[in-house]
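Close look at the chain arrangement
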Amino acid sequence: MLLHRVKSFLNNQLTIKQAKQIHAQILITSLNHLQPSLVHQFLLSTTNYSASVFVYVREILYHLQKPDAFSWGCTVRFLSRHGQFEEAFSLYVEMQKLGLYPSTHAVSSALRACARTGSKTGGISIHAQVHRYGVCNCVFVQTTLVDFYTKLGDMDTAKRVFNEMLEKNVVSWNSILSGYLKAGNLGEAQRVFDEMPKKDVISWNAILSGYAKMGNMDKTLSFFQQMPEKSFASWNTLISGYMERGEIESARRFFDMMHRRNNITWITMIGGYSKCGDAESARELFDEMPEKDHLAFNAMISCYAQNSEPKEALKLFDDMLKSGVNIQPDGVTLASVISACSQLGELRFGSWIESYINKHGIQMDDHMATALVDLHSKCGNVDKAYKLFNGLRKRDVVAYSAMIAGCAINGKAIDAIKLFQEMVEAQIQPNLATFSGLLTAYNHAGLVEEGYRCFNLMKDNGLVPSTDHHAIMVDLLGRAGKLEEAYKLIKSMPVKPHTGVWGALLQACSVHKNVEFGEIAAKHCFELEPSTGGYYSLLANIYASVGRWQDARRMRRNMDRKKLDKIPGCSWTEST
DNA sequence: GTTGCAAACG
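Residues numbered from 1 in each chain as written. Chains lettered and ligands numbered in written order. Predicted model: local features only at pLDDT ≥ 70, side-chain atom pairs only at ≥ 80, totals over all residues. Heavy atoms only, no water.

Looking at an unreviewed UniProt entry, one finds chain A named Pentatricopeptide repeat-containing protein At4g22760 and attributed to Gossypium arboreum.

Structure follows, in structure tokens:
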């Protein structure tokens, strides 16, 4: 009944004025009875309202003839249930200012909103009022409080509230359980799990994911088999655990075993293949997927972006936009798309993306901003990159690494080094990408000693320098004319060097007119990339520079015969 | 009403 009325209400697109007069209270109360997915559908089908319907609810509330605590409470609950947390909390505050006493519903909804947004002060102030409103003995309020503190990471307070509870239900137990798991305290979690008077499928899934995240797949599997009831989440947790450990075959086996799957199952598999660098298998699953949602597109686009297939990423993004009305990109999509653009050197997309974000009202988050830091750095717009970097809510390894690299490639070596120090002081562990940027900075500044120190610092941090790191070091040594040292470094590499490494040495030999190492480097380059003409011409230059004209001519003839281009590759700076 | 599986940036 109610459902029907709301539906016709939204579909008829009544004016606000009409709504104010007739349906206000009915709408507010009935919206709470709708499944979120249904409301979502309404929002999609009623495009005129989709952006403003939540604001609209507030409007309705304001124009109620007698807005009582009940109407306010319902609205707060409605907003909190549909992810409008800031709005929910602000309405809650407003209702208090009016001197209305919030119900248990309102309090728990407002608390939930604070828990989700991480609003520490908001939640704590609600907690302080709980006694005044006489809602302190409500299980729902208390459970939400427990959840709030676990989400803050304050397990002591969470535990205190939990212990004070006179009545506990499964949800209360699950909240404290997942709190310990989030805190990484598996021992305590296991104890809580054993103590629980009643366990539901969520309890089982929680402990399951705890062991899966630890990488203890034997234990995970044994819990999985013991479960009295399994949900999609149970299967998905198991599969994701195997994927995280790189045990693709096991993951696949359980995936194939499932006779019914949900979208998360598919996305988990796609993400797993992506991490293993197997974009092809990921795509196969993506194509097989029966009902692709925007999350599936996100997973696949990011797979391409992270496996150095930016063109495919953009192509799929294009497909996504064309795919239909109800698949819309979000911040996650754009973060990957920005990353793809940045890899391609598609600099024009930077401004395109920004206008897209503004036009569609997509919220800029740290992930997106970090991707933009990278993009603008590569455009040479360090100021813009800095602005974005400074605007971040939280700076993590990725953000620092992007900014350090940005400074490095734009010749701001000192800034890069400063940022690195700042990052270490903030106790953020640098990783391989961080050091790539830092080494690049030293390279640009020609600081050999510091570069070496940095290279060794990596090992102190338990990191194994990759081929790319070696390439930068070789370049640094080579530019300084330390060709033999560079050659020795290559020889000491644990894995086979790629053309970036040998190419750097060859380039250096060309600058320093060194035939001996130049010939060695060139030989390797020819072997690895026989069709790249640039290497032949570099060696020819070396010969010419020392007066070995015959050899130089021989190289050029070699090139002509193979009809090779002189320019090895096209870098992004040239594509603008 | 309150808890939960997956996915993002270098």
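There's more to say after this.
A short note on the UniProt feature "repeat: PPR" (unreviewed entry) in chain A
Here the UniProt-annotated "repeat: PPR" (unreviewed entry) positions come out as residues 68-102, 169-203, 231-261, 262-292, 293-327, 396-430 and 431-465. Within residues 396-430, the helical portion is 74% and the strand portion 0%, while the C-alpha atoms at the span's ends are 10 Å from each other. (UniProt positions renumbered as here; feature names shortened; annotations may be inferred. Helix = DSSP H or I, 4+ residues; strand = E, 2+ residues; numbered from the N terminus.)

Details of the nonpolar core
Grouped together as the largest cluster of nonpolar side chains are 170 residues, with contacts concentrated most on Leu-177 and Leu-505. Each of domain 1 (1-136) and domain 2 (466-576) accounts for three or more of the residues forming this core. Among residues more than four places away in sequence, those in contact with Leu-177 are Ala-189, Val-192, Phe-193, Met-196, Ser-203, Ala-206 and Ile-207. (Core = buried A, V, L, I, M, F, W, Y, C linked by side-chain atoms within 4.5 Å. Buried < 20%, exposed > 50% of the residue type's maximum accessible area, 1.4 Å probe, protein only. Domains from an automatic or database assignment. Contact = heavy atoms within 4.5 Å.)

Some remarks on a negative patch on the surface
Judged by side-chain charge, Glu-280, Glu-284, Glu-288 and Glu-309 come together as a negatively charged surface patch. By the secondary structure assignment, Glu-309 is in the loop between α21 (294-306) and α22 (310-323). (Patch = residues over 30% accessible without salt bridge, like charges linked within 9 Å, V, L, I, M, F, W, Y side chains within 5 Å. Areas by Shrake-Rupley, 256 points an atom, 1.4 Å probe, with all protein chains shown as cover. Salt bridge = Lys/Arg side-chain N within 4 Å of Asp/Glu carboxyl O. Lys, Arg positive; Asp, Glu negative; His and termini not counted. Charge placed at Lys NZ, Arg CZ, Asp CG, Glu CD.)

Considering the protein's contact with DNA strand B
In the vicinity of DNA strand B lie 41 residues, with Thr-104, Phe-140, Asn-174, Asn-431 and Ala-433 positioned nearest. Take the atoms of DNA strand B that sit within 4 Å of the protein: sugar and phosphate atoms are 43% of them. Side-chain polar atom of Thr-143 to a base oxygen of DNA strand B: 3.4 Å apart, as the coordinates give it. Interatomic distance of 3.3 Å between a side-chain N/O atom of Lys-275 and a phosphate oxygen of DNA strand B. Take the surface near DNA strand B: its biggest share by element is 5 residues, from helix α11 (residues 139-152). (Near = heavy atom within 4 Å. Polar contact = N/O pair within 3.5 Å; in protein donor to acceptor, adjacent residues only side chain to side chain.)

Remarks on the side chain of Thr-333
Looking at the element boundaries, Thr-333 is found in helix α23 (residues 331-344). The exposure class assigned to Thr-333 is buried, which follows from its relative accessible area of 1%. Those residues in contact with Thr-333, other than ones at most four positions away along the chain, are Asn-298, Ile-301, Phe-317 and Met-320.

Some details on the packing of aromatic side chains
Scanning the entire structure with this criterion turns up 20 aromatic pairs. Seen in terms of ring centroids, Phe-193 and Trp-204 are 5.2 Å apart; in terms of plane orientation they differ by 85 degrees. Their pairing is edge-to-face. One end of the pair, Phe-193, is in helix α14 (residues 186-195); the other, Trp-204, is in helix α15 (residues 201-214), and 11 residues separate them in sequence. The exposure class of Trp-204 is buried, given its relative accessible area of 11%. Summarising the aromatic geometry, the rings of Phe-224 and Trp-235 are spaced 5.1 Å apart at their centres and angled 85 degrees between planes, so their arrangement reads as edge-to-face. (Phe/Tyr/Trp six-rings, centres within 6.5 Å; stacked < 30°, edge-to-face > 60°.)

Here we look at the pattern of salt bridges
According to the stated counting rule, one finds 18 salt bridges in the structure shown. One salt bridge connects Lys-275 with Glu-244, and the closest N-O pair in it is separated by 3.6 Å. One end of the pair, Lys-275, is in helix α19 (residues 263-275); the other, Glu-244, is in helix α17 (residues 232-244), and 31 residues separate them in sequence. Across the pair, exposure class does not vary: Lys-275 and Glu-244 are exposed alike. One salt bridge connects Asp-551 with Arg-554, and the closest N-O pair in it is separated by 3.1 Å. Residue Asp-551 and its partner Arg-554 are located together in helix α36 (residues 549-562), separated by 3 residues, close to a single helical turn. Take Asp-551: its relative accessible area is 18%, and that puts it in the buried class. Judged by its relative accessible area of 37%, Arg-554 falls in the partly exposed class. Put simply, Glu-519, Arg-548, Asp-551 and Arg-554 are held in one network by salt bridges that share partners.

A few points about the environment of Gly-518
Along the polypeptide, Gly-518 turns up in helix α34 (residues 515-528). Judged by its relative accessible area of 0%, Gly-518 is buried. Measuring from C-alpha to C-alpha, the distance between Gly-518 and Leu-538 comes to 8.8 Å, with 20 residues separating the pair along the chain. In this structure Gly-518 touches Leu-506, Cys-509, Leu-539 and Ile-542, once residues within four positions along its chain are discounted.

A look at the environment of His-498
Considering the arrangement of structural elements, one finds His-498 in the loop between α32 (483-491) and α33 (499-511). Under the relative-accessibility criterion, His-498 is labelled partly exposed at 30%. Residues contacting His-498, with those up to four places away along its chain left out, are Thr-467, Asp-468, Ala-471 and Leu-528.

Quick word on helix α30 (residues 448-460)
In this model, α30 (13 residues) spans 19 Å end to end at C-alpha, consistent with the 18 Å of a helix rising 1.5 Å per residue. Along α30, the residues that are buried comprise Val-448, Gly-451, Cys-454, Phe-455 and Met-458. Taken end-on, α30 shows its buried residues confined to a sector of 120 degrees, consistent with a single buried face. Residues of α30 that are exposed and point more than 90 degrees away from the buried face comprise Glu-449, Arg-453 and Asp-460. At its buried positions, α30 is contacted by α29 (432-445), α31 (467-479) and α32. Positive phi appears at Gly-462, one or two residues downstream of α30, with a value of about 75 degrees. (Expected span 1.5 Å × (residues − 1). Arc of directions from axis to C-beta.)

Regarding a positive patch on the surface
Among the surface-exposed residues, Arg-553, Arg-557, Arg-561 and Lys-562 lie close enough to one another that they form a single positively charged patch. Mapped onto the fold, Arg-557 is located in helix α36.

A look at the packing of helix α8 (residues 85-97) against helix α10 (residues 120-129)
Following both chains from N to C, one finds α8 and α10 inclined at 35 degrees, their axes separated by 12 Å at the closest point. At the point where α8 passes α10, the crossing takes the left-handed sense. Facing α8, whose interface residues are Phe-89, Tyr-92 and Gln-96, α10 presents Gly-122, Ile-126 and Gln-129. Residue composition of the contact of α8 with α10, grouped by class: 3 nonpolar, 3 polar and no charged. (Axes fitted to C-alpha atoms, helices over the stretch in contact; angles between N-to-C directions. Left-handed = near helix turned anticlockwise from the far one by under 90°. Nonpolar A, V, L, I, M, F, W, Y, C, P; charged D, E, K, R; others polar.)

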